[in-house]
Amino acid sequence: MKIMTCPMNGPRNIDEFQSFGPVRDELDPEQTADADWSRHLFRAENRKGVVVEWWRHVPSNYFFLAERDLVSNEIIRTFDASQRSGQS
Amino acid sequence: MPLGLLKYGLSRDYPVSEDIPATPALKPSYDVVIIGGGGHGLSCAHHLAKYHGITSVAVLEKGYLAGGNTARNTTTIRSNYITPQGIAFYKEGVALFETLSQELDFNVMFSQRGQLTLAHSEATLRSFHARAEMGKHLGTRTEVVDQKAVQELVPSLNMDYGGALEILGGLWHADGGTARHDAVAWGYAAQASRRGVEIHQRTEVQGFEIAGDRVQAVKTNRGRIACGQVLIATGGMNYDVALMAGVELPIRCYPLQAMVTQPLKPWLNTLVSSVSLHTYLVQSSRGEVVIGGGSDPYQLYSTRSTLDMKEHLAEGAVHLFPFLQGVRLLRQWAGITDMTPDNSPIMGASPLDNLWLDCGWGTWGFKATPVAGKRMAETIASGRVPDILKPFALERFETFQLLNEMGATAASH
Ligand SMILES: Cc1cc2nc3c(=O)[nH]c(=O)nc-3n(C[C@H](O)[C@H](O)[C@H](O)COP(=O)(O)OP(=O)(O)OC[C@H]3O[C@@H](n4cnc5c(N)ncnc54)[C@H](O)[C@@H]3O)c2cc1C
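From a predicted model like this one, the values you see are computed outputs, not experimental measurements.

### Comments concerning the sheet that holds strand β3 (residues 115–119) of chain B
Residue and element names in this part refer to chain B. Taken in spatial order, the eight strands of this open sheet run β4-β5-β3-β11-β12-β13-β10-β14, and their pairing is mixed. Looking at the sheet topology across the chains shown, the edges are occupied by β4 (142–146) and β14 (329–339). Averaged over all neighbouring strand pairs, the angle between strand axes comes to 20 degrees, with direction disregarded. Bridge analysis of strand β11 (residues 271–274) against strand β12 (residues 279–283) gives three bridges, and the strand direction is antiparallel.

Dropping the structure here:
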């Protein structure tokens with residue numbers, strides 16, 4: 001089975017994890033027009049290439065980020081959400 | 001060897017017919033360029049040529065004819081969806097399959113033997129009632145059946161698996177069936193070619209030339225083609241190809257996996273699927289048991305398979321029919337599915353004037369091959385989207401008028 005390295009629990013079988021899809025920018029509800037909400041809700045990153053995604057290690061309910069290649073399926077790195085550049 | 005047979009074999013008049021001509025040279029322009037030589041693109045080409053007299057058509061296929069999801073699907077044909085718009089559309093699709101062999105003069109082996117979807121919980125049964133009522137209202141044959149009726153329909157089913165996943169009833173869809181997927185594509189290709197449509201295999205679209213709101217030309221590995229109208233029908237690559245034209249579709253790609261067993265003597269008359277087990281089975285006319293269809297749990301552009309998914313499908317199959325436990329798998333595979341947020345397709349206009357979409361077919365588009373081709377041809381020929389397609393417009397995501405078919409696509413495709 002494919003192995004994913006959880007930043008907290010170390011290398012585990014991929015079926016212990018759940019994907020929550022590509023990271024989306026947060027919107028300001030006060031400033032957001034309908035068209036931008038639509039984009040935010042329905043247009044997830046799907047380009048052939050590397051995406052940053054939310055993942056959860058299910059048994060420990062720990063959420064983290066992973067960089068993965070959508071074509072080769074290589075997991076390039078996994079890291080705690082606090083290490084996301086440009087984000088608090 | 002009997003002399004007569006030899007004479008016949010060597011005769012110049014030996015009746016060899018070439019159904020699909022070899023790829024010709026590309027012309028500098030066509031009235032309609034169809035990107036994707038899968039069932040949908042070929043069906044559209046056939047309808048354009050036969051019903052609208054449009055024969056300056058090139059179907060561009062990057063690989064071999066219908067080698068995408070048309071070749072990989074498990075051939076479930078049905079109309080037992082949830083939304084009235086969905087049911088009306090798929091109902092027309094099933095009706096077209098009923099006469100497709102005559103339409104194409106090619107046996108597509110349509111076998112309308114009914115589909116049984118199993119409920120293992122009260123919640124599932126309740127949702128079946130809603131689907132059955134909507135289906136009946138719109139004139140399809142869909143009804144909820146009890147345990148006894150399930151047993152009569154499929155006597156070999158394991159009804160009680162230790163209590164937890166006991167079968168409580170089912171959704172019986174007498175209109176459901178299967179057809180031979182390759183034959184559908186080949187039949188459309190042969191008919192379209194006979195009327196002058198050109199099918200260009202190993203011709204990959206790599207970009208678009210756009211001026212203002214129009215596509216001027218498509219760029220391919222074999223050169224540039226100017227075009228009047230363009231249709232995108234590239235299956236798992238729909239997001240990728242539309243993006244080349246600057247159109248970002250609400251699509252995410254996931255592999256979908258399936259497999260078949262060695263041939264067994266005919267025992268399963270109907271299509272059987274289970275909502276809770278995420279597994280469905282159908283016995284092909286060769287006796288093989290086709291088992292589908294598991295979506296991978298994360299996005300990926302790959303047709304690789306995984307042992308975990310195959311194990312999951314095998315577990316569901318053995319759960320329903322324990323005697324399958326010793327049976328061997330013959331083949332297994334995956335296709336890339338273009339999944340929309342509401343599990344309904346995207347058909348109709350794009351932000352560009354002459355670029356049309358037949359996309360977002362995900363895990364459910366084989367059954368729509370005839371109807372999508374027919375209706376997209378009508379759209380391209382007239383420049384107007386027919387009423388039956390309007391609910392499937394790309395704009396529905398901007399106006400929040402989604403057509404949620406999740407509950408009708410999760411268990412079977
Ligand atoms: C395992 C599996 C099981 C399924 N089961 C069912 C089922 O039971 N019932 C059902 O209704 N549906 C099912 N589906 C879905 C169904 O197979 C598809 O929705 C349907 O076949 C789509 O047809 P298409 O012609 O649009 O796409 P495809 O058949 O995928 O054809 C698209 C073609 O476009 C070509 N192409 C891609 N990019 C380019 C380019 N840049 N230039 C030129 N050509 C290009 C591809 O090579 C391909 O041949 C299943 C799918 C899978 C993978």
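### Points about the sheet that holds strand β4 (residues 50–57) of chain A
Residues and elements named next belong to chain A. With respect to topology, four strands assemble into an open sheet ordered β3-β4-β5-β6, the strand pairing being antiparallel. Both outer strands of the open sheet, β3 (17–22) and β6 (75–79), are each paired with one neighbouring strand and no more. Each adjacent strand pair in this sheet contributes to an overall mean axis angle of 30 degrees, direction not counted.

### Examining the interface of chain A and chain B
Listed per partner, the contact involves 25 residues of chain A and 24 residues of chain B. The three residues of chain A that bury the most area against chain B are F42(A), R43(A) and N46(A), which together make up 34% of that side's buried surface. Summed over the shared surface of chain A and chain B, the result is three salt bridges. Between R43(A) and E398(B) there is a salt bridge, with the nearest N and O atoms lying 3.9 Å from each other. Taken together, the connections running from chain A to chain B amount to 13 residue pairs in polar contact (both at pLDDT 80 or more). Of all the secondary structure elements, the ones that give two or more residues to the side of chain A that touches chain B are β3, α1 (34–42) and β5 (62–69) of chain A. Examining the composition of the side of chain A that touches chain B, we find that six residues originate from one element, α1(A), more than from any other. Class assignment for the residues of the side of chain A that touches chain B results in ten nonpolar, five polar and ten charged.

### Some details on the site of the ligand
All names here are of chain B. Taken together, 39 residues form the shell around the ligand, and within it E61, N69, T70, T74 and K367 come nearest. Backbone polar atom of W361 to an oxygen atom of the ligand: 3.2 Å apart, as the coordinates give it. Contact between the ligand and G365: an oxygen atom at 3.0 Å from a main-chain N or O atom of the residue. When contributions to the shell around the ligand are tallied by element, the ones reaching two or more residues are α2 (39–52), α3 (69–72), β10 (252–263) and β14.

### Points about the side chain of D358(B)
Residue and element names in this part refer to chain B. Examined against the element boundaries, D358 turns out to sit in strand β16 (residues 355–359). Despite its burial, D358 pairs with no opposite charge, the nearest such side chain being R396 at 11 Å. A polar side-chain atom of D358 sits 2.9 Å from a polar atom in the side chain of H40. Residues within four places of D358 in sequence aside, it is in contact with H40, L231, I232, A233, N238, I346, M347, A372 and M376.

### Observations regarding the domain arrangement of chain B
Residue and element names in this part refer to chain B. As far as domains go, chain B holds domain 1 (28–73 + 182–250 + 342–408) and domain 2 (113–174 + 252–339). With 18 residues of domain 1 at the contact, the number on the domain 2 side is 14 residues. At the junction of domain 1 and domain 2, the tally comes to seven residue pairs in polar contact (both at pLDDT 80 or more). Elements supplying a minimum of two residues to the side of domain 1 that touches domain 2: α3, α9 (238–244) and α12 (406–409).

### Here's the deal with the nonpolar core
Within the largest apolar cluster, 52 residues are counted, with the highest numbers of intra-cluster contacts made by I34(B), L48(B) and F89(B). Listing elements by their share of this core, those giving two or more residues are β1 (29–35), α2, β2 (57–60), α4 (84–98), α5 (100–104), α8 (181–194) and α11 (369–382) of chain B. At six residues, the largest contribution of residues to this core is made by α8(B). Counting residues in each nonpolar core, the second largest holds 34 residues, with F42(A), L70(A), I225(B) and I346(B) among its members.

### With respect to the pairing of β1(B)
Residue and element names in this part refer to chain B. Counted residue by residue, β1 has five buried out of seven residues, so it is predominantly covered. Pairing of β1 with strand β9 (residues 223–232), which is carried by six bridges, proceeds in the parallel orientation. Bridging from a neighbouring strand, I34 pairs with L231 of β9. Both β1 and β2 contribute to a ladder of four bridges, which runs parallel. From the neighbouring strand, V32 faces β2, where its bridge partner is V57. One crossover worth recording links β1 to the parallel β2 by way of α2, and it is right-handed.

### Things to note about the packing of α2(B) against α8(B)
All names here are of chain B. Direction vectors running N to C along α2 and α8 enclose 35 degrees, while the axes themselves pass 8 Å from each other. Judged by the twist between their axes, the crossing of α2 over α8 is left-handed. In contact with G39, L42, S43, A45, H46 and H47 of α2, α8 contributes A185, Y188, A189, Q191 and A192. Residue composition of the contact of α2 with α8, by class: six nonpolar, five polar and no charged.

### Points about the packing of aromatic side chains
All names here are of chain B. Scanning all chains against the criterion turns up 15 aromatic pairs over all chains. Through pairs of rings, three or more aromatic residues link up here, namely Y81, F89, Y90, W361 and F392. R78 extends its terminal NZ or CZ atom over the ring of Y81, reaching a point 4.4 Å from the ring centre.

### Some details on the pairing of β10(B)
Residue and element names in this part refer to chain B. For β10, a buried count of nine out of twelve residues is recorded, marking the element as mostly surrounded by other parts of the structure. When β10 meets β14, the two strands line up antiparallel, connected through ten bridges. Along β14, the bridge assignment pairs A258 with W333. The pairing of β10 with strand β13 (residues 288–295) spans five bridges and is antiparallel. Residue pairing for β13: P263 is matched across the bridge by E288.

Definitions and limits used
- Residues numbered from 1 in each chain as written.
- Chains lettered and ligands numbered in written order.
- Predicted model: local features only at pLDDT ≥ 70, side-chain atom pairs only at ≥ 80, totals over all residues.
- Heavy atoms only, no water.
- Pairing = 2+ DSSP bridges.
- Helix = DSSP H or I, 4+ residues; strand = E, 2+ residues; numbered from the N terminus.
- Axes fitted to C-alpha atoms, helices over the stretch in contact; angles between N-to-C directions.
- Contact = heavy atoms within 4.5 Å.
- Buried area = accessible area lost by both parts, 1.4 Å probe.
- Salt bridge = Lys/Arg side-chain N within 4 Å of Asp/Glu carboxyl O.
- Polar contact = N/O pair within 3.5 Å; in protein donor to acceptor, adjacent residues only side chain to side chain.
- Nonpolar A, V, L, I, M, F, W, Y, C, P; charged D, E, K, R; others polar.
- Near = heavy atom within 4 Å.
- Buried < 20%, exposed > 50% of the residue type's maximum accessible area, 1.4 Å probe, protein only.
- Lys, Arg positive; Asp, Glu negative; His and termini not counted.
- Domains from an automatic or database assignment.
- Core = buried A, V, L, I, M, F, W, Y, C linked by side-chain atoms within 4.5 Å.
- Right-handed = clockwise from strand over helix to strand, strands pointing away.
- Left-handed = near helix turned anticlockwise from the far one by under 90°.
- Phe/Tyr/Trp six-rings, centres within 6.5 Å; stacked < 30°, edge-to-face > 60°.
- Lys NZ or Arg CZ within 6 Å of the ring centre and 35° of its normal.

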